[in-house]
Amino acid sequence: MSIPIVPQRYIWVDGKLVQWGDAKIHIISHALHYGTGVFEGMRAYKTEMGTAIFRFKEHIKRFFDSAKFLKIHIGFSSSELLDACRTVLEQNDLEEAYIRPIAFKDCMAMGLNASKCASKVVIAAWPWSTYLGDAYTKGARCMISSWRRMPSFSFPTVAKICGSYVNSQFAKMEAVEHGYDEAIMLDVRGYVSEGSGENIFVVKGNRLMTPPLSASVLPGITRDTIMTLASRAGYYVGEEDITVGELLTSDELFLTGTAAEVTPVVEVNGHKIGDGKPGKVTLEMQRAYEAVTRGKDNVHLQWLELLNT
Ligand code: PMP
């Protein structure tokens, strides 16, 4: 099952607030047929200084970068999109939310060359607890997917392009059908790549390793946050190719993502990871991420985009 969303009052569509139920597209829109859209997933957290979007600048940069691949022209500046996020949160009375900007080709033209196709920019937000639910505390049970993550020579793995998420969906559906919480995808070479919607970290002693971008991973903003927080906490942090053997014999494993935050992994394909419970370093990283997103870590206050709502 995908996770149901509680409808909110308004969605921002190309500069205007539209009633949630009226935010519709035509069935002949290009994006529906060919996946020609790009999106972001950000979170706004409540802090003592007010509501703040975590690492808005990095998310919005990735949004613009993703759009370039599809030649989607986003006719708004990042500060206009920040204002739009503020409006969406305010008008829906949301102090904390998951925020979903999406830009997609909505022209009614068929055929694959969509470079001249018109597009829309939309921002929706809703309350969303951590993506993998109970696994946040209990630890996730993961399956190594039989689907490989599409390689960077077939699509830009650095971008969040709607159509490319079909690859992730195959992996996620397969894992859930087999009774697991999440899939771990390998790259075309057989090295560990990432979860269907999260990056992955392996812990061995005081070393934290995560696959390099050349393993077809999305350059996750949470991944970058954890790399920074872990080095600051004195761990050795490296981007290294990880074999399935290294994955299964790691002391600890965890997934990172805006939606999943820092979720421990306690089992992969029936193999217990460590002692089969969320590990010490993972929990330390979970706490550190909670602190930094809620404005309780004074070193990284620059990561908070305060909205003053
Ligand atoms: N990998 C994939 C495939 C994702 O969809 C996501 C979620 N955006 C991530 C990794 C994690 O990225 P971030 O930390 O920027 O949310």
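Everything below is about the structure printed above this text.
Residues numbered from 1 in each chain as written. Predicted model: local features only at pLDDT ≥ 70, side-chain atom pairs only at ≥ 80, totals over all residues. Heavy atoms only, no water.

### Focus on a nonpolar patch on the surface
Together, I25, I27, I28, L32, Y34, M108, M110 and L112 make up a nonpolar patch on the protein surface, roughly 840 Å² of accessible area in all. Looking at the element boundaries, L112 is found in the loop between β6 (97-105) and β7 (119-126). Owing to a relative accessible area of 70%, L112 belongs among the exposed residues under this scheme. (Patch = residues over 30% accessible without salt bridge, like charges linked within 9 Å, V, L, I, M, F, W, Y side chains within 5 Å. Areas by Shrake-Rupley, 256 points an atom, 1.4 Å probe, with all protein chains shown as cover. Salt bridge = Lys/Arg side-chain N within 4 Å of Asp/Glu carboxyl O. Helix = DSSP H or I, 4+ residues; strand = E, 2+ residues; numbered from the N terminus. Buried < 20%, exposed > 50% of the residue type's maximum accessible area, 1.4 Å probe, protein only.)

### Overview of the site of the ligand
Taken together, 15 residues form the shell around the ligand, and within it K160, Y165, I221, T222 and T258 come nearest. In the environment of the ligand, an oxygen atom lies 2.7 Å from a nitrogen or oxygen atom belonging to the backbone of I221. Protein chains bury 95% of the 380 Å² of accessible surface belonging to the ligand in isolation. Looking at the shell around the ligand, the elements that each hand over two or more residues are α6 (221-232) and β14 (252-257). Of the residues assigned to the shell around the ligand, the class counts are 3 nonpolar, 8 polar and 4 charged. (Near = heavy atom within 4 Å. Polar contact = N/O pair within 3.5 Å; in protein donor to acceptor, adjacent residues only side chain to side chain. Nonpolar A, V, L, I, M, F, W, Y, C, P; charged D, E, K, R; others polar.)

### Notes on the pairing of strand β9 (residues 182-186)
The buried count for β9 comes to 5 of 5 residues, which makes it a mostly enclosed element. Residues E182, I184 and L186 point to one face of β9 and A183 and M185 to the other, with burial holding for every one of them. Where strand β8 (residues 140-144) and β9 come together, 3 bridges link them in parallel fashion. Note that in β9 the partner of C142 across the bridge is E182. Between the parallel pair β8 and β9, the chain is carried across by helix α5 (residues 165-177), and the sense of this crossover is right-handed. Bridge analysis of β9 against strand β10 (residues 192-195) gives 3 bridges, and the strand direction is antiparallel. Within the sheet, the bridge partner assigned to L186 lies in β10 and is V192. Between the end of β9 and the start of β10, which pair antiparallel, lie 5 residues, with G190 showing a positive phi angle near 100°. (Pairing = 2+ DSSP bridges. Right-handed = clockwise from strand over helix to strand, strands pointing away.)

### What about the pattern of salt bridges?
Enumeration over the complete set of coordinates arrives at 20 salt bridges. With its nearest N and O atoms 2.6 Å apart, the salt bridge here joins D106 to K120. Of this pair, D106 sits in the loop between β6 and β7 while K120 is found in strand β7, placing the two residues 14 residues apart along the sequence. One salt bridge connects K138 with D134, and the closest N-O pair in it is separated by 3.6 Å. Here K138 matches D134 in class, with each residue exposed. Connected through salt bridges with shared partners, the residues R55, E58 and D224 form a single ionic network.

### Notes on the state of the cysteines
For the structure on display, the rule yields 1 disulfide. Covalently, C107 is tied to C117 through a disulfide, its sulfur atoms 1.7 Å apart. Residues C107 and C117 are joined by a disulfide whose S-S torsion is about -95°; by sign, that bridge is left-handed. Taken as a pair, C107 in the loop between β6 and β7 and C117 in the loop between β6 and β7 lie far apart in primary sequence, 10 residues in all. Across the pair, C117 and C107 agree in class, each one buried. Of all cysteine sulfurs in the structure, the one in C162 sits closest to C85, which takes part in no disulfide; the separation is 17 Å. Not part of a disulfide, C162 finds its nearest cysteine sulfur in C117, a span of 13 Å. (Disulfide = S-S within 2.5 Å.)

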